[in-house]
Amino acid sequence: MEPSECTINHWRLDIASASLIHQITGEQRRLGEYQLRLLTVFIEHAGEILSRDQLTQWVWARRIIGNNSLPNAVHALRVALEDDGKQQRIIKTIPRKGYILEAEFCQPLEKAPEPLPVVAEKPQAEPEITPERVPEREEIPVPVERAIPVTKARATASKWQKTGMIILITALTTLLLGWGWKTWLMKEDDAVVMRSIEENVYSNIRIFELADSQAFEESKDDLHFRLKNTLYRINQTLKGRSIHMQIYYHLSEMVLNYTIVLSNSCGKRQLAMNVYQWRLNADQLNSLIYRETERKLNEMDVCAS
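Residues numbered from 1 in each chain as written. Predicted model: local features only at pLDDT ≥ 70, side-chain atom pairs only at ≥ 80, totals over all residues. Heavy atoms only, no water.

Moving on, we get to the sheet that holds strand β7 (residues 106-108). Judged by pairing direction, the sheet is antiparallel, and its five strands sit side by side in the order β4-β3-β2-β1-β7 without closing on themselves. In the strand order of this sheet, the two ends are held by β4 (28-30) and β7, each with one partner. On average, each strand axis in the sheet is tilted by 35° relative to the strand beside it, whichever way the strands run. In this structure, strand β1 (residues 6-8) lies alongside β7, joined through three bridges in antiparallel fashion. Of the residues in β7, the one forming a bridge with Cys6 is Pro108. (Pairing = 2+ DSSP bridges. Helix = DSSP H or I, 4+ residues; strand = E, 2+ residues; numbered from the N terminus. Axes fitted to C-alpha atoms, helices over the stretch in contact; angles between N-to-C directions.)

If you want it as structure tokens, here you go:
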């Protein structure tokens, strides 16, 4: 079904204005660029379970996005469509599989009935009178429903759109972080190895890569080579503030799992990120790593001397 030819819970998608229009009240709700793309994909595949990887590829294509970009976009659509986030009647989360737009809520758009043709009566012939030219039939105007004016929403340039990146970072708690790495390390049929990278290069940074032994032998991606200038800058900051940092990462075809642990004599801070399409743009990747590390550093307690 074409996205513009269906209504969802009385809301019609108007692609031209990137908005949802209520069929009864005429209310209009603007959608962001990726919310619009996501809803279009859901409508085109109504009734099908779509995996996270499928949605990421179809909606964000070659963008580097954060781990929460998709869940946040789904949440925004639920709010716009008046779907209950707990009951999830319209857009459902299928655990460990993905998401589905229930087909029963995607109804064909009802078209307005066409006006009945107007048939003009033939004038009766009168033999005594010279027939005159019958005047042309007068068109009966068909009332047209007045279109509801669409208010042009002010375009607010998003910070993420300017940078060409949609990155939402999830800061995990210590319990979740430990559980996540433990789960990954306990995969069956994998001989997991953790190796230290570039030892003694940085005074306040230690780097560890996690992978199975075969992946180490076949690996052609040198993450440190991509990040070394950024890590040098971060190390200088760490030295000045007497903070040490450990980096743990795992590489896959599409995703970089990147975790940092910051520590000083007063406490620790941890941050875990899943960076999608991380190979595409080295500048964006370095900018992301530096910005998020700096943000986490600013959360560290300052130790009393």
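Counted under the stated rule, the structure contains two aromatic pairs. Taking the centre distance of 5.7 Å and the plane angle of 15° together, the rings of Tyr34 and Trp60 count as stacked. Here Trp60 lies in helix α2 (residues 52-60) and Tyr34 lies in helix α1 (residues 33-44), a separation of 26 residues in the sequence. As far as the burial class goes, Tyr34 and Trp60 line up, both buried. Arranged with centres 5.3 Å apart and planes meeting at 15°, the rings of Phe208 and Tyr248 form a pair that is stacked. Taken as a pair, Phe208 in strand β9 (residues 205-212) and Tyr248 in strand β10 (residues 244-251) lie far apart in primary sequence, 40 residues in all. Each member of the pair, Phe208 as well as Tyr248, carries the same accessibility label: buried. Against the face of Tyr290 rests Arg233, its NZ or CZ located 3.9 Å from the ring centre. (Phe/Tyr/Trp six-rings, centres within 6.5 Å; stacked < 30°, edge-to-face > 60°. Buried < 20%, exposed > 50% of the residue type's maximum accessible area, 1.4 Å probe, protein only. Lys NZ or Arg CZ within 6 Å of the ring centre and 35° of its normal.)

The subject of this paragraph is unusual backbone geometry. Backbone geometry at Glu82 places phi at a positive 60°, although glycine is not the residue there. As for its position among the elements, Glu82 is in the loop between α3 (69-80) and β5 (91-94). Its relative accessible area of 43% is what places Glu82 among the partly exposed residues. With phi around 50°, Glu198 is a residue other than glycine that occupies positive phi space. Checked against the element boundaries, Glu198 lands in the loop between β8 (192-197) and β9. In this structure Glu198 comes out as partly exposed when scored by relative accessible area, which is 37%.

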